[in-house]
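What follows is each chain in one-letter form.
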Amino acid sequence: MTRTSLSQLEARDAFQARHIGPDAADQQAMLSVLGYASRAALIDALVPANIRNKGALPLGQYSAPMPEQEALGKLKAIASKNKVLKSLIGQGYYNTHTPGVILRNIFENPAWYTAYTPYQPEISQGRLEAILNFQQVITDLTGMGIANASMLDEGTAAAEAMTLIQRVGKSKSQVFFVADDVLPQTREVVETRAKPLGIEVRGFAPAELAGLPDCFGVLLQYPGVNGTVRDYKQDVAAVKARGAMVVVAADLLALTMLTPPGEWGADVVVGNSQRFGVPLGFGGPHAGYLSTRDEFKRSMSGRLVGVTIDSQGNKAYRLALQTREQHIRREKATSNICTAQVLLAVIASMYAVYHGPAGLRQIAQRVHRYTGVLAAGLKALGYTLANDSYFDTLTVQTARAEQLHAVAVANGVNLRKVDANHVGLSLDETTTRDDIELLWTIFADGANGAKPAFDAIEASVADAFPAALNRSSSYLDHPVFNRYHSEHEMLRYLRALADKDLALDRTMIPLGSCTMKLNATSEMVPVTWPEFSNIHPFAPDAQTVGYREMIAQLEEMLCALTGYAAVSLQPNAGSQGEYAGLLVIKAYHESRGEGHRNICLIPSSAHGTNPASANMVGMQVVVTACDASGNVDLADLKAKAELHSKNLACVMVTYPSTHGVFEEGIQELCQIIHSHGGQVYIDGANMNALVGVAAPGSFGGDVSHLNLHKTFCIPHGGGGPGVGPIGVGAHLAKFLPNQRSSGYQRDEAGIGAVSAAAFGSASILPISWMYIAMMGAEGLTAATETAILAANYIARRLAPHYPVLYSGHDGLVAHECILDLRPLQDATGISNEDVAKRLMDFGFHAPTMSFPVPGTLMIEPTESESKAEMDRFIDAMIAIRMEIAKVESGEFDRTDNPLKGAPHTAEMLTADTWEHKYSREVAAYPVPSLRKQKYWPPVGRADNVYGDRNLFCGCAPMSDYE
Ligand SMILES: *Cc1c(COP(=O)(O)O)cnc(C)c1O
């Protein structure tokens, strides 16, 4: 027997074999179906030679793969350079206790975090119910008519509100007033958004609200950043009487005690739900929120969950009013939002479910009481407060601000930096009596008064906001917020919801363009380390050294993989990356005196976010054609580039194309655009077909966004969070986003802030860091090649049964393939939707439906699916094709068959009457393996039309339970 060496036994590339589903033998079998000898030969045949990478990925110290434990150790060492202090900085971010039952059963539970966006409602009822609960929490607490299913953060929510009121308002003014006590990071995001739209943002002192000059809208903060709680009722009426609309950014916890903005005239209420159980995470991800009056629901931005009925007339949840959204309305959409913050919205909603209205109020009252005690003690110490009304935030006058910050930090506490003569602090649900005593000690240093006596003060403090603002209306009266307060009940509610859904923990999710690959546990573990989760976004730089190191390394890694010179991690979804990238292009043209360039060419096959983003930066979208084989029609593109030569700003193309093809002409396309002075935006959502093989920054792209929640293993969370970093060429690097209000400035030419936090969704960046570190250069390339191999294997196996719509050289596809159901539909009446729903009876999540081509299914297996799982899927698709054949032959009825009846619930199948023209057995067990393991869809097919006609977007009323 030959002796194995120790280095062989160490298996440094072990993670690669865990991440990549098919082993060497399986890959060989797949290759032989395709007629290629090796993965390399397949890639050579497929990817145009002129764009191929030369040499290995330049990953430096991360070139060699790191075993899981070693990578965790290395990241822990980096994380340990962060210092976790008690941050009382506030300014929109607060300490919170994530209830253990929620932490373990949602945040750390793949049944929740690996789920996809609920486009297929029948297999998403659990998360849809949780998001609906979120909408109810927001609607109730803000006192508005309707709330959407999460915004990306508070800053972008305020910006969306600004454009919403401009759309629905009657004012012709272009002026938007932002109160001086609005969170500075919010104002910055609003200003960035306003500029390209020609909106003028002006500040004002809150006391001057009633007398503001002509404007279309006003943004208020409630309570203000310095803590003041103002009664705005009369002033709001005054500005509204003159035609302006009012947006209020409000604190959810405070709203359990304060009269909600909806009761004093707000048109839109926005904010952040972070303090409902979501860790600080250095600024994100958190779920922002937006609620408005019912009459504006069709103009509202973002996702919305509504109630409808299923095929049996039973209640079912689904995404409502999608006709507002980018994937349908394109440049006329109400926003470009696609991935939102679902997982975080689910956590926040469950925090409200667990605590209930009384529990939330108790938390708020406690925070408020502590704040009152602290305030009285500070006064006793001789301090003067700048705010005499407050909920949880105090601004303290002092001539020794610098010194106080230093003393506080020495005692493990961060205070908010206001100016040389003031310090601020915000309390939260984690505050204890010891914290108050410690704060008194800190403030007593150098002060004159005697140490305050806690109990004596506590006995006498009263509420510290105007009596008229004492909330009298009830909230969260629905049963769901009053049933699950014991941990057992909560645990079972969470389990019951998760059981309704299909996520990656049960089946492959073959979604084209969405790259539902493995979200490895080792990648997820660091996210909840306190060194990452308990860091305030505005903590002093000295305490965030570890974060900055990890972020800088990830930026470098992504530069190496994309061929770009610089990367910004600030955008918190792909859509936001597009928006940021287009702003960068705009800034570049302006810097060269070519600010008039405003034409954005977009092929007809583009993702809806592309035109929607172009619209947000004031560019004019010119659609270019695709040819019969799905490629960008270069002749048409060339003609339009020539026609608009003087005003050409850029092109937005996806590569490989949304049709799943490596277009041969991509370099020529880039040259055409450049020759007319335009910039090339390459949508990097399909980067899973490129990493290690070709780099957009090297073959002609000037800007790309990546979707870290697609290619780089951040889970989809049921529709978010995401990270949408942008990479740019050297000539564009200086225009990357800043956050001046927090002192984060890469270059003064930067476009401003596009997110509320400097590093966007910072706390989930360790996931992508871990993935890259554990895979190494070779592993990443192998993943890409295997993803391409897998897509081609499925395409080739299914081609005899369903036409594969587009392919390139040698009939090959890239990392996904499109099955054309339209000929079958014409012949049999069976649609792509029927196939999608029937797959649920087989226990599968449907592929992407009708994108980028109506009537099709787009399949992307990714490298992580084993051959066995792909074969199970292929068998299901073939079995379904046999069923369609029976419709064709007349053996099955054209309208009453297992495809049209799908999905079948247990209730349908066990009813005493069964009046269909096919058997129960055919409906339930179309393949034998389902007898051993079967997923039961909780509802029948959801009725989309009914749901939009009878729009209802809240929890069921009490009467439903009687
Ligand atoms: C997913 C996707 C986007 C949008 O990204 P989000 O993170 O969902 O905002 C843009 N373009 C393409 C091609 C995509 O597949």
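Rules behind the numbers
Residues numbered from 1 in each chain as written. Predicted model: local features only at pLDDT ≥ 70, side-chain atom pairs only at ≥ 80, totals over all residues. Heavy atoms only, no water. Pairing = 2+ DSSP bridges. Helix = DSSP H or I, 4+ residues; strand = E, 2+ residues; numbered from the N terminus. Phe/Tyr/Trp six-rings, centres within 6.5 Å; stacked < 30°, edge-to-face > 60°. Buried < 20%, exposed > 50% of the residue type's maximum accessible area, 1.4 Å probe, protein only. Lys NZ or Arg CZ within 6 Å of the ring centre and 35° of its normal. Core = buried A, V, L, I, M, F, W, Y, C linked by side-chain atoms within 4.5 Å. Contact = heavy atoms within 4.5 Å. Near = heavy atom within 4 Å. Polar contact = N/O pair within 3.5 Å; in protein donor to acceptor, adjacent residues only side chain to side chain. Areas by Shrake-Rupley, 256 points an atom, 1.4 Å probe, with all protein chains shown as cover. Nonpolar A, V, L, I, M, F, W, Y, C, P; charged D, E, K, R; others polar. UniProt positions renumbered as here; feature names shortened; annotations may be inferred. Salt bridge = Lys/Arg side-chain N within 4 Å of Asp/Glu carboxyl O. Domains from an automatic or database assignment. 1 Å grid on protein atoms, 1.4 Å probe; cavity = no way out; pocket = protein on both sides within 12 Å on 5 of 7 lines; lining within 4 Å. Points joined across faces, edges and corners; volume = space filled by probe spheres on them. Axes fitted to C-alpha atoms, helices over the stretch in contact; angles between N-to-C directions. Parallel < 35°, antiparallel > 145°, perpendicular 65-115°, else oblique. Left-handed = near helix turned anticlockwise from the far one by under 90°. Right-handed = clockwise from strand over helix to strand, strands pointing away. Expected span 1.5 Å × (residues − 1). Arc of directions from axis to C-beta. Disulfide = S-S within 2.5 Å.

Reading across from one edge, 23-25-24 is the order of the 3 strands in this open sheet, with antiparallel pairing throughout. Looking at strand neighbours, the two that pair on one side only are strand 23 (817-820) and strand 24 (848-849), the edges of this open sheet. With 2 bridges connecting them, strand 24 and strand 25 (residues 856-859) associate as antiparallel partners. By the bridge assignment, Thr848 is partnered in strand 25 with Met858.

Attention now moves to the packing of aromatic side chains. Counted by the stated rule, this structure contains 23 aromatic pairs. Measuring from ring centre to ring centre gives 5.7 Å for Phe282 and Phe759, while their planes differ by 25°; the resulting arrangement is stacked. Of this pair, Phe282 sits in the loop between strand 7 (268-272) and strand 8 (288-292) while Phe759 is found in the loop between strand 22 (726-728) and helix 25 (765-798), placing the two residues 477 residues apart along the sequence. Taken individually, Phe282 and Phe759 each receive the classification buried, so the pair is uniform in this respect. Joined through ring pairs, the aromatic side chains of Phe282, Trp529, Phe532, Tyr547, Tyr744 and Phe759 make up one cluster. The ring of Tyr925 is capped by Lys934, whose NZ or CZ atom sits 5.9 Å from the centre of that ring.

A word on the nonpolar core. If you look at the biggest cluster of nonpolar residues, it comprises 281 residues, and the most contacted ones within it are Leu220, Met350 and Phe443. In this structure, Met350 is in contact with Ile102, Ile106, Trp112, Ala130, Met490, Tyr493, Leu494 and Leu497, ignoring residues within four places of it in sequence. Counting residues in each nonpolar core, the second largest holds 29 residues, with Ala580, Leu582, Ala606 and Met616 among its members.

The next point concerns the site of the ligand. Thr339, Ser513, Gly574, Asp683 and Lys710 are the nearest of the 14 residues found near the ligand. Between the ligand and Asn707 there is a distance of 2.9 Å, counted from an oxygen atom to a side-chain nitrogen or oxygen. At 2.7 Å, a side-chain N or O of His709 approaches an oxygen atom of the ligand. When the free accessible area of the ligand is taken as 380 Å², the share hidden by the protein chains comes to 99%. The element contributing the most residues to the shell around the ligand is helix 21 (residues 574-591), with 3 residues. Partitioning the shell around the ligand into residue classes produces 3 nonpolar, 8 polar and 3 charged.

Within the UniProt annotation, "modified residue: N6-(pyridoxal phosphate)lysine" (unreviewed entry) is assigned to Lys710. Not counting chain neighbours up to four residues away, the residues in contact with Lys710 comprise Ser513, Cys514, Thr515, Lys517, Ala685 and His716. Within the local environment of Lys710, its side chain forms a polar contact with the backbone oxygen of Ser513, the two atoms lying 3.2 Å apart.

Taken together, 4 strands build an open sheet; the order of strands is 11-12-15-14 and the sheet is antiparallel. Each edge of the open sheet is held by one strand with a lone partner, namely strand 11 (384-385) and strand 14 (416-419). Sheet topology places strand 12 (residues 393-397) next to strand 15 (residues 422-426); 5 bridges connect them, and they run antiparallel. The residue of strand 15 that forms the bridge with Val396 is Val423.

A complete count under the given rule lists 42 salt bridges for this structure. Between Lys886 and Glu891 there is a salt bridge, with its nearest N and O atoms 4.0 Å apart. Owing to a relative accessible area of 55%, Glu891 belongs among the exposed residues under this scheme. The residue Arg931 makes a salt bridge to Glu921 at a minimum N-O spacing of 2.7 Å. Of this pair, Arg931 sits in the loop between helix 30 (920-924) and helix 31 (944-949) while Glu921 sits in helix 30; the two residues are 10 residues apart in sequence, bridging distant segments of the chain. What makes Glu921 partly exposed here is its relative accessible area of 46%. When salt bridges that share partners are traced, they join Lys240, Asp267, Arg293 and Glu295 into one network.

A separate point is the domain arrangement of the protein chain. By the assigned domains, the protein chain splits into domain 1 (86-302 + 337-483) and domain 2 (530-764). Between domain 1 and domain 2, the C-alpha centre-to-centre distance is 31 Å. Our enumeration of links across domain 1 and domain 2 arrives at 0 salt bridges. The interface formed by domain 1 and domain 2 includes 21 residue pairs in polar contact (both at pLDDT 80 or more). Those elements that place two or more of their residues in the side of domain 1 that touches domain 2 are helix 7 (110-113), helix 9 (154-168), helix 10 (184-194) and helix 13 (342-380). Counting residues per element, the side of domain 1 that touches domain 2 draws most heavily on helix 10, which supplies 6 residues. For the side of domain 1 that touches domain 2, the per-class residue count stands at 23 nonpolar, 15 polar and 5 charged.

This part is about the layout of surface pockets. By volume, the second largest pocket is sized at about 800 Å³. Elements with a contribution of two residues or more to the lining of the second largest pocket: helix 14 (401-410) and strand 14. Residue classes in the lining of the second largest pocket are distributed as 19 nonpolar, 10 polar and 10 charged. When residues are assigned to domains, the lining of the second largest pocket turns out to be shared by domain 1 (86-302 + 337-483) and domain 2 (530-764), each giving three or more.

Looking now at the side chain of Thr259. Assignment of secondary structure puts Thr259 in the loop between strand 6 (245-250) and strand 7. Leave out the neighbours within four places in its chain, and Thr259 touches Tyr222, Trp264, Ala468, Leu469, Asn470 and Arg471.

Bringing the packing of helix 13 against helix 15 (residues 433-444) into the picture now. Where helix 13 contacts helix 15, the axes come no closer than 10 Å and their chain directions differ by 25°. One finds that helix 13 runs roughly parallel with respect to helix 15. The way helix 13 lies across helix 15 gives a crossing that is right-handed. Each of Tyr370, Val373, Leu374, Gly377 and Leu378 in helix 13 lies in contact with helix 15, whose residues at this interface are Arg433, Ile436, Leu439, Trp440 and Phe443. Classifying every residue of the contact of helix 13 with helix 15 gives 8 nonpolar, 1 polar and 1 charged.

Right, let's get into empty space enclosed by the protein. The final tally for this structure, using the stated rule, is 8 cavities of 30 Å³ or more. Lining the largest cavity are 21 residues; nearest its centre among them are Gly92, Tyr94, Gln221, Pro223 and Asp251. Across the lining of the largest cavity, the residue classes break down as 8 nonpolar, 9 polar and 4 charged. Considered as a void within the structure, the second largest cavity measures approximately 70 Å³ in volume.

For the rest of this paragraph, the subject is the pairing of strand 17 (residues 599-603). The buried count for strand 17 comes to 5 of 5 residues, which makes it a mostly enclosed element. Going residue by residue along strand 17, you find Ile599, Leu601 and Pro603 tucked away on one face and Cys600 and Ile602 tucked away on the opposite face as well. In this region the chain leaves strand 17, passes through helix 22 (residues 609-616) and returns to the parallel neighbour strand 18 (residues 620-624); the handedness of that crossover is right-handed. Where strand 17 and strand 19 (residues 648-654) come together, 3 bridges link them in parallel fashion. If you follow Ile599 over to strand 19, its bridge partner there is Leu648.

Here we come to the UniProt feature "domain: Glycine dehydrogenase C-terminal" (unreviewed entry) in the protein chain. UniProt marks residues 783-904 with the feature "domain: Glycine dehydrogenase C-terminal" (unreviewed entry), using the numbering shown here. Between the C-alpha atoms that bound residues 783-904 the distance is 36 Å, and the span itself is 46% helix and 8% strand.

Time to look at helix 17 (residues 487-500). End to end, helix 17 covers 20 Å across 14 residues, agreeing with the expected 20 Å (1.5 Å per residue, within 8%). Among the residues making up helix 17, those that are buried are Met490, Tyr493, Leu494, Leu497 and Ala498. What you see down the axis of helix 17 is that its buried residues fit within an arc of 130°, all on one side. Residues of helix 17 that are exposed and point more than 90 degrees away from the buried face comprise His488 and Arg495. Considering only its buried residues, helix 17 is in contact with helix 6 (100-107), helix 7, helix 8 (125-142) and helix 13.

Scanning the model with the defined rule gives 0 disulfides in all. Residue Cys670 stays outside any disulfide, its sulfur separated by 12 Å from that of Cys650, the closest cysteine. Classification of Cys670 as buried rests on a relative accessible area of 2%. The closest cysteine sulfur to the non-disulfide-bonded Cys955 is located on Cys953, 11 Å from its own sulfur. Take Cys955: its relative accessible area is 6%, and that puts it in the buried class.

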